[in-house]
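Summary of the model geometry
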Protein chains: 2
Amino acid sequence: MRLRALPLHSSILIMHDQLFVQMALSAWNTYIRRTNDFFEGFTDEELYSEIAPGKNRLIYLLGHLVAVHDRMFELFEIGERQFKHLDEPFLQQPDKSVTDLPSASTLRDNWKHVNNRLTEKMKMMEPNNWFSRHSAISPEEFEKEPERNKLNVLINRTNHLAYHFGQLMLVRKA
Amino acid sequence: MRLRALPLHSSILIMHDQLFVQMALSAWNTYIRRTNDFFEGFTDEELYSEIAPGKNRLIYLLGHLVAVHDRMFELFEIGERQFKHLDEPFLQQPDKSVTDLPSASTLRDNWKHVNNRLTEKMKMMEPNNWFSRHSAISPEEFEKEPERNKLNVLINRTNHLAYHFGQLMLVRKA
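This report concerns the structure included in the present document.

What counts as what
- Residues numbered from 1 in each chain as written.
- Chains lettered and ligands numbered in written order.
- Predicted model: local features only at pLDDT ≥ 70, side-chain atom pairs only at ≥ 80, totals over all residues.
- Heavy atoms only, no water.
- Phe/Tyr/Trp six-rings, centres within 6.5 Å; stacked < 30°, edge-to-face > 60°.
- Helix = DSSP H or I, 4+ residues; strand = E, 2+ residues; numbered from the N terminus.
- Buried < 20%, exposed > 50% of the residue type's maximum accessible area, 1.4 Å probe, protein only.
- Least-squares fit on C-alpha atoms with pLDDT ≥ 70 in both.
- Contact = heavy atoms within 4.5 Å.
- Buried area = accessible area lost by both parts, 1.4 Å probe.
- Nonpolar A, V, L, I, M, F, W, Y, C, P; charged D, E, K, R; others polar.
- Expected span 1.5 Å × (residues − 1).
- Polar contact = N/O pair within 3.5 Å; in protein donor to acceptor, adjacent residues only side chain to side chain.
- Salt bridge = Lys/Arg side-chain N within 4 Å of Asp/Glu carboxyl O.
- 1 Å grid on protein atoms, 1.4 Å probe; cavity = no way out; pocket = protein on both sides within 12 Å on 5 of 7 lines; lining within 4 Å.
- Points joined across faces, edges and corners; volume = space filled by probe spheres on them.
- Axes fitted to C-alpha atoms, helices over the stretch in contact; angles between N-to-C directions.
- Parallel < 35°, antiparallel > 145°, perpendicular 65-115°, else oblique.

Turning next to the packing of aromatic side chains. One pass over the structure, following the stated rule, counts 17 aromatic pairs over all chains. Between Phe20(A) and Phe20(B) the ring centres are 4.1 Å apart and the planes differ by 15 degrees, which places this aromatic pair in the stacked class. One end of the pair, Phe20(A), is in helix α1 (residues 11-40); the other, Phe20(B), is in helix α1 (residues 11-40), on a second chain. A residue is classified by how much of its surface remains accessible, and Phe20(A), at 0% relative accessible area, is buried. Ring geometry for Tyr60(A) against Phe90(A): centres 5.7 Å apart, planes inclined by 50 degrees, an arrangement best described as tilted. Residue Tyr60(A) is located in helix α2 (residues 58-70), and its partner Phe90(A) is located in helix α4 (residues 87-92); the two are separated by 30 residues in the primary sequence.

The pair of chain copies shares a relation made of a rotation about an axis and a shift along it. At an RMSD of 0.1 Å, chain A and chain B line up after a rotation of 180 degrees and a shift of 0.0 Å along the axis. Overall, the copies show the geometry of a two-fold rotation axis. The position closest to the rotation axis in chain A is occupied by the C-alpha of Tyr163(A), lying 2.1 Å away. Comparing interface residues between copies, 100% of those in chain A also lie at the interface in chain B; the contact surface is shared.

With that settled, consider the interface of chain A and chain B. As a measure of interface size, the accessible area lost when the parts come together is often cited. Across the contact, 37 residues belong to chain A and 37 residues belong to chain B. Buried area between chain A and chain B, summed over both chains or domains, comes out near 3500 Å², and the portion from carbon and sulfur atoms is 75%. Contact with chain B buries surface across chain A, with His16(A), Met23(A) and Leu170(A) losing the most and accounting together for 20% of the total. For the side of chain A that touches chain B, the secondary structure elements donating two or more residues are α1 and α8 (150-168) of chain A. Sort the elements by how many residues they give to the side of chain A that touches chain B and α8(A) lands first, with 12 residues. Of the residues belonging to the side of chain A that touches chain B, the class tally is 24 nonpolar, 10 polar and three charged.

An α-helical turn contains 3.6 residues, so a residue and the one three or four places further along point in the same direction. In this model helix α2 (residues 58-70) of chain B runs 18 Å from its N-terminal to its C-terminal C-alpha over 13 residues, within 8% of the 18 Å that 1.5 Å per residue would give. Buried residues dominate α2(B), accounting for 13 of its 13 residues.

Residues and elements named next belong to chain A. Here α8 contains 19 residues, and its C-alpha end-to-end distance of 27 Å stays within 8% of the 27 Å for a straight helix at 1.5 Å per residue. Of all 19 residues making up α8, 17 are buried, and the element is well covered by its neighbours. Structurally, the start of α8 carries an N-cap: the backbone nitrogen of Leu 151 is 3.2 Å from a side-chain oxygen of Asn 149.

In total, this model carries 18 salt bridges over all chains according to the counting rule given. Close ionic contact of Asp70(A) with Arg81(A) constitutes a salt bridge, the shortest N to O distance being 2.9 Å. One end of the pair, Asp70(A), is in helix α2; the other, Arg81(A), is in the loop between α3 (72-76) and α4, with 11 residues separating them in the sequence. Each member of the pair, Asp70(A) as well as Arg81(A), is classed as buried. Arg148(B) serves as the salt-bridge partner of Glu145(B), at 3.2 Å between the closest nitrogen and oxygen. Salt bridges sharing common partners tie together Asp70(A), Arg71(A), Arg81(A) and Asp87(A).

Before going further, it helps to spend a moment on empty space enclosed by the protein. Taken as a whole and judged by the stated rule, the model has four cavities of 30 Å³ or more. Of the pockets and cavities examined, the largest cavity occupies roughly 60 Å³. Those elements that place two or more of their residues in the lining of the largest cavity are α1 and α8 of chain A together with α8 (150-168) of chain B. In terms of residue class, the lining of the largest cavity is made up of five nonpolar, four polar and no charged.

Turning our attention to the packing of α2(B) against α8(B). When two helices pack together, you describe them by how their axes are tilted relative to each other and by the distance separating the axes. All names here are of chain B. Packing of α2 against α8 leaves a shortest axis separation of 11 Å and a crossing angle of 175 degrees. In terms of orientation, α2 lies roughly antiparallel with respect to α8. Contacts between α2 and α8 involve Leu 58, Leu 61, His 64, Leu 65, Val 68 and His 69 from the former and Arg 157, His 160, Leu 161, His 164, Gln 167 and Leu 168 from the latter. Of the residues in the contact of α2 with α8, the class split is six nonpolar, five polar and one charged.

Mapped onto the elements, Asn149(A) comes out in the loop between α7 (139-144) and α8. Residue Asn149(A) is classed as buried on the basis of its relative accessible area of 0%. With 74 residues separating them along the chain, Asn149(A) and Leu75(A) place their C-alpha atoms 9.8 Å apart. Those residues within four positions of Asn149(A) in sequence are excluded, and the remaining contacts are Trp130(A), Phe131(A), Ser132(A), Arg133(A), His134(A), Phe142(A), Leu19(B) and Met23(B). Within the structure, Asn149(A) has its side chain in polar contact with the backbone nitrogen of Leu151(A) (distance 3.2 Å).

All names here are of chain B. Located in the positive-phi region is Glu 77, a residue other than glycine, with phi close to 55 degrees. With respect to the secondary-structure elements, Glu 77 resides in the loop between α3 (72-76) and α4 (87-92). For Glu 77, a relative accessible area of 54% corresponds to the exposed category. One non-glycine residue, Lys 96, lies in the positive phi region at around 75 degrees.

Interpretation in functional terms is not warranted from these geometric data alone.
Next comes the structure, spelled out in structure tokens:
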């Protein structure tokens, strides 16, 4: 099943593709908005509290989400990532093991920046591009598994965001 | 944009549609499997512990997920729902407010049953059907918002499952 070989001039195909991209982007935007609203309800100091006793702090999940979203630029081949230095403290190390984290205020800025930039770039991606392989899969693998495309990464990253948003909501304010 | 008017005999269209459905079902199955594995790692008694102090108990999230998934049969028009009696204790009431909950063992059976039955029924749904309106939206609304189709419900329910799975993972065993 070679998607590249499809007649992409077909308006029907593009219409359906656009609808599916719209659905996936809409789910992504919903959770980005909810997570934004969540973090905005907390002071910088409050971000250092844990989601539950002995569990990750809000600040760790914030940095973790910035790092994960930052990697999407390279997966989608829509630009260089900008926050590579966050991988070590927020992806490779568990919370509370790194002492010199960026400030809450810096991470908030990074969070807004990475999502705004992603939104801008994703808006410009053609439906055809969404169905192409992402940079972490080889052409050979993709030939066999065409569902491992960029849109699939977006769907999975939305689930990842929902997963952590569910954890954040445990410290929701009354 | 009237999806019903599309030439559904087109093999190209169906091929792409199948790919969408496959991607959405694959994400769903991944979180169902993870959640199954999670619950199987706990004894019935352990299901009565809270995910964090003062928060929902595992048993409540189990019943909540059964009720939410049970409602999908009617949304997709693929059968009658079977666990309507779970709406009151697990959707309408918060945890710990209803004293006579079904047993952990019954809820485990319900959980397996609802997901196995859903999987069976969803496997038989044609791609075309996934892009049709779900039962909770009127034809008039759907005309204006064709993205509010059954596949979109599946994407949203997967995010809902991931949201609660993230919470469950806070009590993961070492």
